[in-house]
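The chain contents come next:
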Amino acid sequence: MKLKDKKKITVQVYPGRQFGLVIGSHEGLIGVLLNTGEYIDVPQEKLRIVSEEVEDAEKG
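(A) Highlighting the nonpolar core. Residues Ile9, Val11, Val13, Val22, Ile30, Val32, Leu34, Ile40, Val42 and Leu47 constitute the largest nonpolar core, which totals ten residues. Elements with a contribution of two residues or more to this core: β1 (7-13), β3 (29-34) and β4 (39-43). Ignoring anything within four residues of it in the chain, the contact list for Ile40 reads Val13, Ile30, Gly31, Val32 and Leu34.

(B) A nonpolar patch on the surface, seen in detail. There is a patch of nonpolar side chains on the surface, built from Ile23, Leu33 and Tyr39 and spanning about 290 Å² of accessible area. Locating Ile23 in the fold gives a position in strand β2 (residues 18-26).

(C) Examining the pairing of β1 more closely. Counting buried residues along β1, five of its seven residues qualify, which places the element largely inside the surrounding structure. Pairing geometry for β1 and strand β5 (residues 47-54), over seven bridges, is antiparallel. Note that in β5 the partner of Ile9 across the bridge is Glu52. Where β1 meets β2, four bridges bridge the pair, whose relative direction is antiparallel. In the sheet register, Val11 faces β2, and the bridge partner there is Gly20. Counted along the chain from β1 to the antiparallel partner β2, the turn is four residues long, and its residue Arg17 has a positive phi close to 55 degrees.

(D) Up close: unusual backbone geometry. Residue Pro15 follows Tyr14 across a cis peptide bond; omega there is 5 degrees. Mapped onto the elements, Pro15 comes out in the loop between β1 and β2. We note that Arg17 has phi near 55 degrees; this positive angle belongs to a residue other than glycine. A relative accessible area of 54% means that Arg17 is categorised as exposed. If you check the backbone angles, Glu27 has positive phi at about 50 degrees while not being a glycine. Assignment of secondary structure puts Glu27 in the loop between β2 and β3.

Calculation rules
Numbering of residues starts from 1 in every chain and runs along the sequence as written. Per-residue local features are limited, in this predicted model, to residues with pLDDT of at least 70; the limit for side-chain atom pairs, both in listing and counting, is 80 or more; totals at the level of whole chains, interfaces and linings are taken over all residues. The side-chain figures draw on all heavy atoms in the structure; neither hydrogens nor water molecules are used. By convention a nonpolar core is built from buried Ala, Val, Leu, Ile, Met, Phe, Trp, Tyr and Cys residues, the set being connected through side-chain atoms within 4.5 Å. Partly exposed describes any residue whose relative accessible area lies between the buried limit of under 20% and the exposed limit of over 50%, with all areas from a 1.4 Å probe on protein chains only and scaled to the type maximum. Helix and strand labels come from DSSP, where a helix needs a run of H or I of at least four residues and a strand needs a run of E of at least two; each type is numbered from the N terminus. Contacts between residues were defined by any pair of non-hydrogen atoms, one from each residue, lying within 4.5 Å. Distance thresholds for patches are 9 Å for like charges and 5 Å for nonpolar side chains (Val, Leu, Ile, Met, Phe, Trp, Tyr), applied to residues having over 30% relative accessible area and no salt bridge. All accessible areas in this document rest on Shrake-Rupley with a 1.4 Å probe, and a residue is counted as covered only by the protein chains that are shown. We count a salt bridge whenever a side-chain nitrogen from Lys or Arg sits within 4 Å of a carboxyl oxygen from Asp or Glu. Two strands pair under a simple rule: DSSP has to find at least two bridges between them.

What follows is the structure in structure tokens.
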């Protein structure tokens, strides 16, 4: 998964079915900040992309 600037990707983590935001990736592991505030590294195949948004330049 290649991250691009100003992109907000919401994912669902399996099998726990938790939701969070992708904040980074390295060598097949995806860093996810869960909605609970916990950070986890997850193999890409354990994720399902729920939504992708491009942030406005005005919002920051």
